Structures are given as C-alpha cells and as structure tokens.
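Take a look at the letters that make up each chain.
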Amino acid sequence: MRRCRPLLGTFVEIEIKDHMEAFHMELISEAFVSIELVQKLMGFHQHQSELSKMNHAAHLRPIQIHPWTAQVLHAAKDIHHHSRGLFDCGIGHRLIATGLLPQHLSLEQIHFGGLDDLEFLEPHLIYSRRPIRLDLGGIAKGFAVDQAIQVLQSGGIAGGVVNAGGDLRVFGDAAETIFLRDPEGRRPPIDIGKLQNGAIATSGLYFARRDSCFPSHIINPTANSLEQIHHEFLGSYSVLAQECIYADALTKVFILSENAHHACFDHFKAKAIRIAA
C-alpha cells in the first residue's frame, strides 16, 4: 500500500509492505500527522511556528519548545560541532539575503549570531545570546521521515519506506533498490544497489545549473561575502546513515568539504556516495 501527500515543500510518499488495508490506512494517516506536526513546529514559512518564535524572540527571553524541536536542535548542534562548522542551520539571515528564504523577518541593522549562540537552559527551554535566524528545513525534513517510520513501527508494521523528496528511509526485512537521478539528466536513473534498514539523502543542482537565474541552494557558512556564499558544485552527493536526520544534514558537509572520508561520517556511522556530472 502506498500513499502520497504534499508536505515539507515536497511530496511525501509512505509505502508499507504488507496488507490489512483498513488497519494500515489508520497508521499511515498517523504517520502523515507526525510529519505535519514537524512542519508546524519547525517550518520557516509558518509565521506561528516555534521556529519563527525562536527567530523573533529567543534573544529577548527564554522560549519553551516542543521535545521534537529540542531533539532536532541538539542534533544540529552536534553535527555543527563534528563538521567543524560546515553544517550550520544558523544562517537563515544569509538565505534571506540571497532570496532563498522569504523576508518576513527583518534583517535591518542587526548583527546576527549563529547556532553556537543558542543555549539550552533546561531540556526544552532555549535562549540565544544574540539575535538568530535559524533555518531547519533540511534537517527537519529528515527528522520528519524518522518520526513517520517510528509511528509505523510502533503500530506493528513489519516493513516499509518513507520518501520525502529524496530523503528516504527503509525499514524491515525487505531491501529497497535505490535509484539516483543522473546529475546531467542525460541518462536513466542510476541503480546504486539495495538499502535495508537505513536512510539515504541526496543533494544536487539538478535544475539550477540549467538556468543561471537559479544559483546553488547550498550556502557556504564560512564565506566572508555574499558574492562567495553560493557553493557551486557538479554531480550529486548522497549520504547513507541509520537515520534520515543525519543523512540529510551530512549531505551539506559532503558537498562543502568535497571529502567522502570526512571525520564526521565515521562519528555518525555514515557513508558518502558521489555521482560525477
């Protein structure tokens, strides 16, 4: 059984590998609800999301957050540390300045901090030493896939797949054949093998490179100027990990480092695959 809904700025597909349709339809609906909650909590485009509240006021007062938001922030800070700053979801102000995110949050006359300025005062209470503009888009998408898997597994589903626009996780005894899009769009999808009980995320400039009006969506957090901020690259970059939250976030580390053996991959038990253009 397979169902698809538009969520997280893409299409999310949930597939389960056995029958009993009436029972499974309810579980699939619950899995989609969990994804909707992640979007509601951590969506940059949602003005009432917890993320927007943090971006508006975390430097003014402590903000109480949902356990899921706290979990994603802890993971983001951990990856930020082990990647030596290559993964950084604290650069939302730069994404706004380059037009990759909407400017519903003012940038005028503000010196923004980053992820290192965010502190946990209590398990679910955060405060920022400076104004911040966090963007949790990719890592939250990976987390949403993981939460949907957890719902299905808790309901007794033996196996299945959740795919959110290329953030994909497989669980159960059955292995899933993984196809990756050719970066140049000249060949059919490329079979890279089978995946069992794991996750994969892929990033590439599939459409941007065909039109110079759309620069790279990968932003270099270490760039010193807006002219250097877009990280142009060729090919597609994929990371395999146990959980999708790490697979998605680590694709940025892979792209920016150009190193399939970066030390943080070993730390997070991940592997990197690049398909050359």
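All figures in this text were calculated on a predicted structure; none of them were measured in a lab. (Residues numbered from 1 in each chain as written. Predicted model: local features only at pLDDT ≥ 70, side-chain atom pairs only at ≥ 80, totals over all residues. Heavy atoms only, no water.)

(A) Structural view of the overall build of the protein chain. Each helix and strand counted, the protein chain has seven helices and twelve strands in total. The buried share of the protein chain, reckoned over its 277 residues, is 49%. Expressed as a percentage of contacts within the protein chain between residues at least 6 apart in sequence, the contacts between residues at least 24 apart total 62%. As presented, the protein chain carries roughly 13500 Å² of accessible surface, and 50% of it is formed by carbon and sulfur atoms. (Helix = DSSP H or I, 4+ residues; strand = E, 2+ residues; numbered from the N terminus. Buried < 20%, exposed > 50% of the residue type's maximum accessible area, 1.4 Å probe, protein only. Contact = heavy atoms within 4.5 Å. Areas by Shrake-Rupley, 256 points an atom, 1.4 Å probe, with all protein chains shown as cover.)

(B) Geometry of the packing of helix H5 (residues 137-154) against helix H6 (residues 244-257). In the contact formed by H5 and H6, the axes pass within 7 Å of each other and the chain directions differ by 155°. Between H5 and H6, the interaxial angle falls into the category roughly antiparallel. Of the two elements, H5 crosses H6, and the hand of that crossing is right-handed. Across the interface between the two elements, Gly 138, Ile 139, Lys 141, Gly 142, Phe 143, Val 145 and Asp 146 from H5 touch Cys 244, Ile 245, Asp 248, Ala 249 and Lys 252 from H6. (Axes fitted to C-alpha atoms, helices over the stretch in contact; angles between N-to-C directions. Parallel < 35°, antiparallel > 145°, perpendicular 65-115°, else oblique. Left-handed = near helix turned anticlockwise from the far one by under 90°.)

(C) Molecular detail of the environment of Gly 138. On the secondary structure map, Gly 138 appears in helix H5. The exposure class assigned to Gly 138 is partly exposed, which follows from its relative accessible area of 24%. The residues touching Gly 138, leaving out its near neighbours within four places in the chain, are Asp 167, Asp 248 and Lys 252.

(D) Region of interest: H5. In this model, H5 (18 residues) spans 26 Å end to end at C-alpha, consistent with the 26 Å of a helix rising 1.5 Å per residue. Within H5 the residues assigned to the buried category are Ile 139, Ala 140, Lys 141, Gly 142, Phe 143, Ala 144, Val 145, Asp 146, Gln 147, Ala 148, Ile 149 and Leu 152. Two residues or fewer after H5 comes Gly 156, characterised by a positive phi angle close to 90°. (Expected span 1.5 Å × (residues − 1).)

(E) Broad picture of the pairing of strand S1 (residues 2-7). With six bridges joining them, S1 and strand S2 (residues 10-16) adopt antiparallel strand pairing. When the sheet's bridge partners are listed, Pro 6 is paired in S2 with Phe 11. (Pairing = 2+ DSSP bridges.)

(F) Molecular detail of the pairing of strand S10 (residues 198-204). Taken across its seven residues, S10 has six buried, putting it largely inside the fold. Examined bridge by bridge, strand S7 (residues 167-171) and S10 share three bridges and lie antiparallel to one another. If you follow Val 170 over to S10, its bridge partner there is Gly 198. Sheet topology places S10 next to strand S11 (residues 236-241); six bridges connect them, and they run antiparallel. Looking at S11, one finds that Ile 200 is bridged to Leu 240.

(G) Expanded view of the sheet that holds strand S5 (residues 125-128). Across the sheet, three strands lie side by side as S3-S5-S4; this open sheet has antiparallel pairing. Strand pairing shows two members of the sheet lacking a second neighbour, strand S3 (63-64) and strand S4 (118-122), which therefore form its edges. Where S4 and S5 come together, four bridges link them in antiparallel fashion. Of the residues in S5, the one forming a bridge with Glu 122 is Leu 125. This element, helix H3 (residues 67-82), spans S4 and S5 of the sheet and lies at about 135° to S4.

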